[in-house]
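Results of the structural survey
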Amino acid sequence: MKKSFLLLFAFTLTVNAKGFNPQMQQYINQLKSQAQKEKSGFTDFNAKRGQKIFTSVHIGKRGKNISCSSCHSINLQQTGKNIHTGKLIKPLSPFANTKRLSKVKDVKKWLRRNFNDVYKREGSAMEKGDVLYYINSAK
Amino acid sequence: MKKIYLVLIFMSGILLASDVKPINNQLALKECGSCHFAYQPGLLPKRSWKKIMRNLSDHFGVDASLDKNDNTKILNYYVVNSSDNSKQYLSRVITRYTRSDKTPVRITLGTVFLRAHDELRRSVFRRKSIQRAGNCIACHVSANRGIYNEDYVRIPR
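Residues numbered from 1 in each chain as written. Chains lettered and ligands numbered in written order. Predicted model: local features only at pLDDT ≥ 70, side-chain atom pairs only at ≥ 80, totals over all residues. Heavy atoms only, no water.

1. What to know about the overall build of chain A
The condition is simple: Runs of E in the DSSP output that reach at least two residues are strands. Runs of H or I that reach at least four are helices, and both are numbered from the N terminus. Each residue is assigned to one of three classes by its accessible area relative to the maximum for its type, calculated with a 1.4 Å probe on protein chains only: buried under 20%, partly exposed between the two thresholds, exposed over 50%. Two residues form a contact once any of their heavy atoms are found within 4.5 Å.
Within chain A one finds six helices and four strands. Tracing chain A from N to C terminus, the helices and strands come up as α-α-α-β-β-α-β-β-α-α. Counting the 139 residues in chain A, one finds 42% classified as buried. The contacts of chain A with a sequence gap of at least 6 include a subset with a gap of at least 24, amounting to 57%.

2. So, the nonpolar core
Under the convention used in this document: Here, the term nonpolar core denotes a set of buried Ala, Val, Leu, Ile, Met, Phe, Trp, Tyr and Cys residues that are joined through side-chain atoms within 4.5 Å.
In this structure, Met-24, Tyr-27, Phe-54, Leu-132 and Ile-135 of chain A are the most contacted members of the largest nonpolar core, which totals 30 residues. Those elements giving two or more residues to this core turn out to be α2 (22-38), α3 (47-55), α5 (104-119) and α6 (125-137) of chain A. The greatest single-element share of this core, amounting to seven residues, is contributed by α6 of chain A. In contact with Met-24 of chain A, other than residues within four places in its own chain, are Leu-101, Ser-102, Val-104, Val-107 and Leu-132 of chain A. Within the second largest apolar cluster, 26 residues are counted, among which are Leu-43, Leu-56, Leu-66 and Ile-107 of chain B.

3. A short note on unusual backbone geometry
Residue and element names in this part refer to chain A. If you check the backbone angles, Ser-73 has positive phi at about 65° while not being a glycine. Along the chain, Ser-73 turns up in the loop between α4 (68-72) and β3 (80-81). The phi dihedral of Lys-120 falls on the positive side, at around 60°, and the residue is not glycine. Within the secondary structure, Lys-120 sits in the loop between α5 and α6.

4. Looking at the packing of helix α3 (residues 46-54) of chain B against helix α4 (residues 68-80) of chain B
Residues and elements named next belong to chain B. Our working rule: Each axis is a line fitted through C-alpha atoms, and for a helix only the stretch in contact is used; angles between axes span 0 to 180 degrees, taken between their N-to-C directions. In this scheme, roughly parallel covers angles under 35 degrees and roughly antiparallel covers those over 145, while 65 to 115 is roughly perpendicular and the rest are oblique. By the definition used in this description, the sense in which the near helix is turned from the far one sets the handedness, with an anticlockwise turn below a right angle giving left-handed and a clockwise turn giving right-handed. Classification convention: Asp, Glu, Lys, Arg as charged; Ala, Val, Leu, Ile, Met, Phe, Trp, Tyr, Cys, Pro as nonpolar; all other residues, Gly among them, as polar.
α4 packs onto α3 with a crossing angle of 165° between their chain directions and a minimal axis gap of 9 Å. Relative to α4, α3 is oriented roughly antiparallel. Handedness of the α3/α4 crossing: right-handed. Of the residues in α4, those in contact with Lys-46, Trp-49, Lys-50 and Met-53 of α3 are Asn-71, Ile-74, Leu-75, Tyr-78 and Val-79. In the contact of α3 with α4, the residues fall into six nonpolar, one polar and two charged.

5. Focus on the interface of chain A and chain B
Selection criterion: Buried surface area refers to the total accessible area, computed with a probe of radius 1.4 Å, that the two partners give up upon joining, counted for both partners together. When a carboxyl oxygen of Asp or Glu lies within 4 Å of a side-chain nitrogen of Lys or Arg, that pair is called a salt bridge. Whenever a nitrogen or oxygen atom comes within 3.5 Å of another N or O atom, the pair is scored as a polar contact, on the condition that within protein one atom can donate a hydrogen and the other can accept it, and that pairs from neighbouring residues in sequence are kept only if both atoms are in side chains.
Contacts between the two partners involve 17 residues from chain A, matched on the other side by 20 residues from chain B. Summed over both sides, the interface of chain A with chain B buries roughly 1,500 Å², with 39% coming from carbon and sulfur. Summed over the three residues of chain A that lose the most area to chain B, namely Thr-85, Lys-87 and Arg-113 of chain A, the buried surface amounts to 31% of that side. One salt bridge connects Glu-31 of chain B with Lys-109 of chain A, and the closest N-O pair in it is separated by 2.6 Å. Across the contact surface, chain A and chain B share 12 residue pairs in polar contact (both at pLDDT 80 or more). Broken down by element, the side of chain A that touches chain B gets its largest block of residues, eight residues, from α5 of chain A. Its residues assigned to classes, the side of chain A that touches chain B shows one nonpolar, five polar and 11 charged.

6. Quick notes on the packing of α2 of chain A against α5 of chain A
Two packed helices can be described by the angle between their axes and the distance between those axes. Residues and elements named next belong to chain A. Across the interface, α2 lies against α5 with an axial gap of 9 Å and an inter-helix angle of 45°. One way to sum up the angle between α2 and α5 is to call them oblique. The segment α2 lies against α5, with Gln-23, Met-24 and Tyr-27 engaging Val-104, Val-107, Lys-108 and Leu-111. Its residues placed into classes, the contact of α2 with α5 shows five nonpolar, one polar and one charged.

Have a look at this one:
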């Protein structure tokens, strides 16, 4: 019962996602073929896995506990706040901020930087795709 | 009569002049300003900007790396408009008070900053509305226009 509920939840997350623009879809496809090479049996990215990557706490680049949510907040529809500088961060969810996930160059830049800040390493293709699916679906 | 107007125009020029040149580069504004107040190039000498832009992957403990092309463009803009290349009042003061054998990277630890803020208790900077000394615009309401003089200060509670 619990499992089917989880599956249903994961399903809703995928169904409720906004479509990517053509450039972003191309980037997602690149990540997919990379992920297939990284892990055999890979089928598609998963927003639920992305949520875990996004919200789980790690000892980051500064040697302190940090998660993506530390700055972007738990609710991606809301304004976040940079924990180091105090500067406000516009909502990450494309539902709240249509500029999000629209420019591949910016998306690549922030994934590189923020994985380093939180995980002290770059994200794998699968992790990046999972996170992008999560952000894209977070209502 | 004409003379008076000329004098008035001249004086208003002095009154309205910025203390450092405001940023007029969209790339610099976007990239520097996405995480913090976009400090004007005229607030540090060019050797400081070179050092900062060389170490962006560890920018005060945070990865702020840019692709090579954007990094070069922004660095060039910051070098051309650095304090030692500027004639604006505050830039000249900063250049004069920065020891030539030092390459400061924190504006808020510089002699000019410390002297200009020496009447404030450090706890003021830690107010929730201010957060930290580097958040210029929290009190200097026209900091984004390069205006830092006391007539344009409003310290929030």
